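# Overview (structure and organization)
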Amino acid sequence: MLDIQTRVNTLTRPRLLARAARFGVDDYRRAIHLPRLLQTGELPRHAEAIIRLLDIEAEMNTARETRSGNYSPARHVEALIAIAGEVRLMNDTAPRLM
């Protein structure tokens with residue numbers, strides 16, 4: 001099983017989706033965006049949130065690739081923004097060894 005950082009680093013999506021997510025990550029607000037995406041009122045730890053978001057995003061990507069009628073590019077970008085935001089927050093709160 002891949003660790004979280006490896007899963008995030010190997011995530012490859014179309015350039016337009018990735019660019020839109022990069023533009024939105026600075027406006028990511030965990031308390032606002034995460035409950036809506038995870039459909040929960042409880043905020044999990046960063047690692048758990050990232051894993052759940054990666055699973056949600058993978059389903060969205062499958063819907064995109066199969067051209068499913070219920071695919072939403074805006075929701076897909078929102079999930080990518082949340083993943084990037086959670087990774088940033090997790091890295092900012094990680095203890096420094098030196």
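Look above for the structure.
One structure accompanies this document, and this report is about it. Remember, it's a predicted structure, so these values are computed and weren't measured experimentally.

### Focus on the layout of surface pockets
Of the voids in this model, the largest pocket is the one considered here, and its volume is about 220 Å³. Among the secondary structure elements, those contributing two or more residues to the lining of the largest pocket are α2 (15–24) and α5 (73–93). Residue classes in the lining of the largest pocket are distributed as 8 nonpolar, 1 polar and 2 charged.

### Quick notes on helix α3 (residues 30–38)
Arg-30, His-33, Leu-34, Pro-35, Leu-37 and Leu-38 are the residues of α3 that are buried. Buried residues along α3 sit in contact with α4 (46–65) and α5.

### Overview of the nonpolar core
By size, the foremost hydrophobic cluster in this structure holds 20 residues, and its most contacted members are Val-8, Leu-34, Ile-50, Leu-53 and Ile-83. For this core, the elements supplying multiple residues, two or more each, are α1 (4–9), α2, α3, α4 and α5. Apart from the residues within four sequence positions on either side, Ile-50 is in contact with Ile-4, Val-8, Glu-86, Val-87 and Met-90.

### Re the pattern of salt bridges
Side-chain pairs of opposite charge can arise where the charged atoms are in close proximity. Counting across every chain of the model gives 7 salt bridges. Among the salt bridges present, the one from Asp-26 reaches Arg-88, with a minimum N-O distance of 2.8 Å. Remark: Arg-88 occurs in helix α5 and Asp-26 occurs in the loop between α2 and α3; sequence separation between them is 62 residues. With a shortest N-O distance of 2.9 Å, Glu-86 and Arg-30 are connected by a salt bridge. Linking Glu-86 in helix α5 with Arg-30 in helix α3, this pair joins segments that are 56 residues apart in sequence. An identical accessibility class is assigned to Glu-86 and Arg-30; each is buried.

Criteria and thresholds
- Residues numbered from 1 in each chain as written.
- Predicted model: local features only at pLDDT ≥ 70, side-chain atom pairs only at ≥ 80, totals over all residues.
- Heavy atoms only, no water.
- 1 Å grid on protein atoms, 1.4 Å probe; cavity = no way out; pocket = protein on both sides within 12 Å on 5 of 7 lines; lining within 4 Å.
- Points joined across faces, edges and corners; volume = space filled by probe spheres on them.
- Helix = DSSP H or I, 4+ residues; strand = E, 2+ residues; numbered from the N terminus.
- Nonpolar A, V, L, I, M, F, W, Y, C, P; charged D, E, K, R; others polar.
- Buried < 20%, exposed > 50% of the residue type's maximum accessible area, 1.4 Å probe, protein only.
- Contact = heavy atoms within 4.5 Å.
- Core = buried A, V, L, I, M, F, W, Y, C linked by side-chain atoms within 4.5 Å.
- Salt bridge = Lys/Arg side-chain N within 4 Å of Asp/Glu carboxyl O.

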